[in-house]
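Reading the structure
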Amino acid sequence: MRPLSLKGRVILATTVSMVVFLAFVSVAIIKSYQSATKSTIERNLGSDANELISLLEDTQGTGWLPNELVNPSYNQPLSNNIGLIFDQEGKLIWRSLSSYRYEFKFHPVFYNLNRRFYHEKIEGDGFFVYELSVKLALGDTIKDYTLMTMYQDKDYQRDASQFSTIVLLWMTGGLFLMLLVITWTLRWGFKPLRFLAGELSEMKSGDRGQLSHHYPTEIARITRPLNALLHRERESRERLKNTMGDLAHSLKTPLAAIQASAQSLEVLPDVPKDPLADIIEQAQRMNTTITYQLKRAVVGRQGIAQSRIDPKPMAEKLCRALTKVYAAKDVEMELEVEEGCYFDGDEGDLMEVLGNLLENAFRLCVCQVHVKLAFEGDKKQRQHLLLEVDDDGPGVPEDKRESILQRGVRADSRNPGQGIGLAVVADIVASYHGYLTVGRAEGLGGARFAISLPLGNY
């Protein structure tokens with residue numbers, strides 16, 4: 001499973017945080033609304049209970065109480081408001097006109113000026129109940145009474161449900177709006193990173209030498225040291241190149257002079273042959289060693305920046321040069337290059353690979369060489385460059401196909417060569433995380449050297 005991008009992680013974390021926060025806020029708002037509504041109902045029922053106290057005081061305990069109250073909601077048979085009065089024996093001595101559709105089985109507990117507010121189920125209907133116990137001096141006696149005012153909760157439940165729905169809809173809409181804003185903000189905030197990724201891609205393809213300086217402070221703390229590193233790397237590479245060139249020039253020229261002098265002395269009759277042969281052999285070995293070590297020092301990817309190279313002109317140039325060198329063989333050369341084929345890397349590396357493989361093919365072939373450059377794998381993705389060099393020579397025995405890639409090993413000692421060309425090729429291919437295989441050319445019958453190089457994936 002592919003891991004989430006940094007932007008995806010931020011959006012996911014923000015979404016989870018916002019959902020939790022808005023859920024908490026929604027619950028808090030709904031609970032606050034319910035608490036405020038219940039407080040309002042309690043105050044209203046308490047006010048109605050005080051009216052019942054006034055009713056008892058006005059009658060002076062005569063036992064006759066009017067059915068109607070000042071609050072008209074208690075005087076309607078189907079009203080949500082109900083009023084009840086119990087004496088000290090728990091007997092219901094008065095009830096409002098709105099209460100006759102229910103049977104009440106309360107057993108009041110008398111506490112002087114005790115107030116209680118609670119929710120009660122009566123015959124399946126929910127009621128908010130305000131219960132007030134009072135001790136009144138009516139006439140010559142002091143009696144305990146319990147006054148109850150009730151409010152049916154169906155309107156409250158409906159209003160609370162509608163309010164909760166509205167809150168949840170607004171919170172959901174707010175969540176989506178905030179996610180859109182956050183997504184846009186992240187896109188705007190990550191724009192410098194996308195720009196940085198584009199510049200790095202341009203550097204990799206060789207279209208840019210360094211990163212620009214127009215970055216936010218946080219990213220500039222990365223780009224400035226990276227630019228300095230690139231500058232030092234280019235300077236170091238240039239110094240290495242110059243040093244290698246100077247070293248090659250300073251060493252190869254004296255070696256060539258020593259070898260030429262020894263060969264000129266070799267024709268003289270009175271000069272010992274064995275010491276001269278040793279001198280020539282050692283000079284050749286030194287030249288071979290120097291050549292290989294110099295090539296090893298510069299093979300592979302040259303720094304961070306890479307170029308997209310068209311291999312066809314280079315292959316054609318090498319083939320024309322080698323055809324002239326081996327003109328005596330009259331080599332039949334066939335070059336097959338797929339349209340749009342390219343190489344991601346250093347031009348010198350490609351020249352070294354093509355040059356060594358083609359030189360081996362021309363040197364060992366009978367009269368035919370076939371070169372193929374194409375994309376390998378899925379044509380939509382085109383992740384690798386395939387290079388195949390075939391010849392009609394003797395081929396490479398299976399027991400030597402691995403060893404010839406090592407330094408100083410040659411498949412055929414009868415042919416001239418130093419045995420380092422294929423080793424250099426193998427080093428270059430390995431530095432690009434590609435692979436080199438040696439086999440038999442199906443069409444020509446000789447050797448086939450096949451190389452697969454990743455395109456921009458190393």
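Residues numbered from 1 in each chain as written. Predicted model: local features only at pLDDT ≥ 70, side-chain atom pairs only at ≥ 80, totals over all residues. Heavy atoms only, no water.

**Re the overall build of the protein chain**
- Counting its regular elements, the protein chain contains 8 helices and 12 strands.
- A total of 458 residues make up the protein chain; the buried ones form 39% of that total.
- Taking the contacts inside the protein chain whose residues are at least 6 apart along the sequence as the reference set, 62% of them involve residues at least 24 apart. (Helix = DSSP H or I, 4+ residues; strand = E, 2+ residues; numbered from the N terminus. Buried < 20%, exposed > 50% of the residue type's maximum accessible area, 1.4 Å probe, protein only. Contact = heavy atoms within 4.5 Å.)

**Comments concerning the sheet that holds strand β10 (residues 384–391)**
- Here we have 5 strands laid out as an open sheet, ordered β7-β9-β10-β12-β11, and mixed in their pairing. Strands with a single pairing partner mark the edges of an open sheet, and in this sheet they are β7 (332–337) and β11 (435–440). Across the sheet, the mean angle separating the axes of adjacent strands is 10° when strand polarity is ignored.
- Here 8 bridges tie strand β9 (residues 368–376) to β10, and the two strands are oriented antiparallel to one another. Residue pairing across strands places V369 opposite D391, the latter belonging to β10.
- Packing of helix α7 (residues 347–364) onto the sheet brings it into contact with β7, β9, β10 and β12 (447–454), and relative to β10 it is tilted by some 20°. (Pairing = 2+ DSSP bridges. Axes fitted to C-alpha atoms, helices over the stretch in contact; angles between N-to-C directions.)

**Some thoughts on the packing of helix α6 (residues 311–325) against α7**
- The contact between α6 and α7 brings their axes to 10 Å, and the two run at 35°. α6 and α7 meet at a crossing whose hand is right-handed. When α6 is examined against α7, the residues P311, M314, A315, L318, C319, L322 and T323 are found in contact with a partner set consisting of E347, L350, M351, L354, G355, L358, E359 and F362.
- Counted by class, the contact of α6 with α7 contains 11 nonpolar, 2 polar and 2 charged residues. (Left-handed = near helix turned anticlockwise from the far one by under 90°. Nonpolar A, V, L, I, M, F, W, Y, C, P; charged D, E, K, R; others polar.)

**Some remarks on the pattern of salt bridges**
- Overall, the coordinates contain 7 salt bridges when judged by the stated rule.
- Of the charged contacts in the structure, one is a salt bridge between R158 and D155, with a shortest N-O distance of 2.9 Å. Residue R158 and its partner D155 are both found in helix α2 (residues 154–189); the two are separated by 3 residues, about one turn of the helix.
- Judged by its relative accessible area of 42%, R158 is partly exposed. (Salt bridge = Lys/Arg side-chain N within 4 Å of Asp/Glu carboxyl O.)

**A look at the packing of α7 against helix α8 (residues 421–431)**
- At a minimum axis distance of 9 Å, the contact between α7 and α8 shows a crossing angle of 145°. Judged by the sense of rotation from one axis to the other, the crossing of α7 with α8 is left-handed. Listed contacts from α8 to D349, E352, V353, N356, L357 and N360 of α7 are G421, L422, V424, V425 and I428.
- Looking at the contact of α7 with α8 residue by residue, the classes come out as 6 nonpolar, 3 polar and 2 charged.

**Comments concerning α6**
- Helix length check: α6, at 15 residues, gives a terminal C-alpha distance of 21 Å against a target of 21 Å (1.5 Å per residue), a fit within 8%.
- Regarding α6, the residues found buried are P311, M314, A315, L318, C319 and L322. Viewed along the axis of α6, the buried residues span an arc of 130°, placing them on a single side of the element. Within α6, the exposed residues directed more than 90 degrees away from the buried face are K317, R320 and K324.
- Each element contacted by the buried residues of α6 is listed here: β6 (307–309), β7, β8 (343–345), α7 and β9.
- Where α6 starts, the residue carrying a side-chain oxygen 3.2 Å from the main-chain nitrogen of K312 turns out to be D310. (Expected span 1.5 Å × (residues − 1). Arc of directions from axis to C-beta. Polar contact = N/O pair within 3.5 Å; in protein donor to acceptor, adjacent residues only side chain to side chain.)

**Section: the environment of F449**
- The residue F449 is located in strand β12 in this model.
- Look at F449 and you get buried, because its relative accessible area is 8%.
- Along the sequence, F449 and L422 sit 27 residues apart, while their C-alpha atoms lie 9.9 Å from each other.
- Among all residues touching F449, those that are not within four sequence positions of it are L357, L387, E388, V389, V396, I404, L422, T437 and V438.

**Some remarks on the pairing of strand β1 (residues 81–86)**
- Burial runs high along β1: 6 of the 6 residues are buried.
- The side-chain alternation of β1 yields two buried faces, one formed by N81, G83 and I85 and the other by I82, L84 and F86.
- The sheet contact formed by β1 and strand β5 (residues 141–152) spans 6 bridges and is antiparallel. Looking at the pairing, N81 lines up with Y151 of β5.

**Let's talk about the packing of aromatic side chains**
- All chains considered together, the criterion is met by 8 aromatic pairs.
- Consider the rings of F195 and Y215, whose centres lie 5.9 Å apart with planes at 50°: the pair is tilted. In this pair, F195 is assigned in helix α3 (residues 191–205) and Y215 in the loop between α3 and α4 (217–266), connecting sequence segments 20 residues apart.
- Taking relative accessible area as the criterion, F195 reaches 45% and is therefore assigned partly exposed.
- Here the aromatic cluster, defined as three or more aromatic residues joined through ring pairs, consists of F117, F128 and Y156.
- Above the plane of the ring of Y100 lies R95, whose end atom (NZ or CZ) is 4.7 Å from the centre.
- A cation over an aromatic ring shows up here: R308 above the ring of Y342, its NZ or CZ 3.9 Å from the ring centre. (Phe/Tyr/Trp six-rings, centres within 6.5 Å; stacked < 30°, edge-to-face > 60°. Lys NZ or Arg CZ within 6 Å of the ring centre and 35° of its normal.)

**Remarks on α8**
- Among the residues making up α8, those that are buried are G421, L422, A423, V424, V425, I428 and V429.
- Looking one or two places after α8, you find H433, whose phi comes out positive at around 60°.

Interpretation in functional terms is not warranted from these geometric data alone.
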